[in-house]
Amino acid sequence: MLERTRTAERYTRGFTAAVIAVTALLLAAYAGPGGAAEGEPVSSGDNAVSVRR
């Protein structure tokens, strides 16, 4: 027969699952397209923004 889980144990499991989910989302966000840095260099043509100091 299944035992009833304690409230603290349920909260701990939920918190751990939330931390793992946020970590996975952050890793996925920073793991973007890897080939972008190896592509053609960006030219300073029409799309460039000039900054005056």
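Right above here is the structure, for reference.
One structure accompanies this document, and this report is about it. (Residues numbered from 1 in each chain as written. Predicted model: local features only at pLDDT ≥ 70, side-chain atom pairs only at ≥ 80, totals over all residues. Heavy atoms only, no water.)

1. Topic: the overall build of the protein
Which entries qualify depends on this criterion: For the purposes of this entry, the term helix denotes a DSSP run of H or I that reaches at least four residues, the term strand denotes a run of E that reaches at least two, and both are numbered from the N terminus. Per-residue accessibility, obtained with a 1.4 Å probe over protein chains only, is compared with the maximum for each type, and a residue is labelled buried under 20%, exposed over 50%, and partly exposed between these values. Only the protein chains shown count as cover for residues, and all accessible areas are computed by the Shrake-Rupley method using a 1.4 Å probe.
In terms of helices and strands, the protein carries one helix and zero strands. Burial statistics for the protein: of 53 residues in total, 0% are counted as buried. Roughly 5800 Å² of accessible area belongs to the protein as shown, and the carbon and sulfur atoms make up 59% of that amount.

2. Considering the pattern of salt bridges
Which entries qualify depends on this criterion: We define a salt bridge as a side-chain nitrogen of Lys or Arg found within 4 Å of a carboxyl oxygen belonging to Asp or Glu.
Counted under the stated rule, the structure contains one salt bridge. For the salt bridge of Arg13 with Glu9, the shortest nitrogen-to-oxygen distance reads 2.9 Å. With a gap of four residues between them, Arg13 and Glu9 both fall in helix α1 (residues 7-30), about one helical turn apart.

3. Digging into a nonpolar patch on the surface
The condition that has to hold: Each patch is built from residues that are more than 30% exposed by relative accessible area and take part in no salt bridge. Like charges join if they lie within 9 Å; nonpolar side chains (Val, Leu, Ile, Met, Phe, Trp, Tyr) join within 5 Å.
Residues Val22, Leu26 and Tyr30 make up a contiguous nonpolar surface patch of about 370 Å² in total accessible area. By the element assignment, Tyr30 lies in helix α1. Using a relative accessible area of 73% as the deciding quantity, one classes Tyr30 as exposed.

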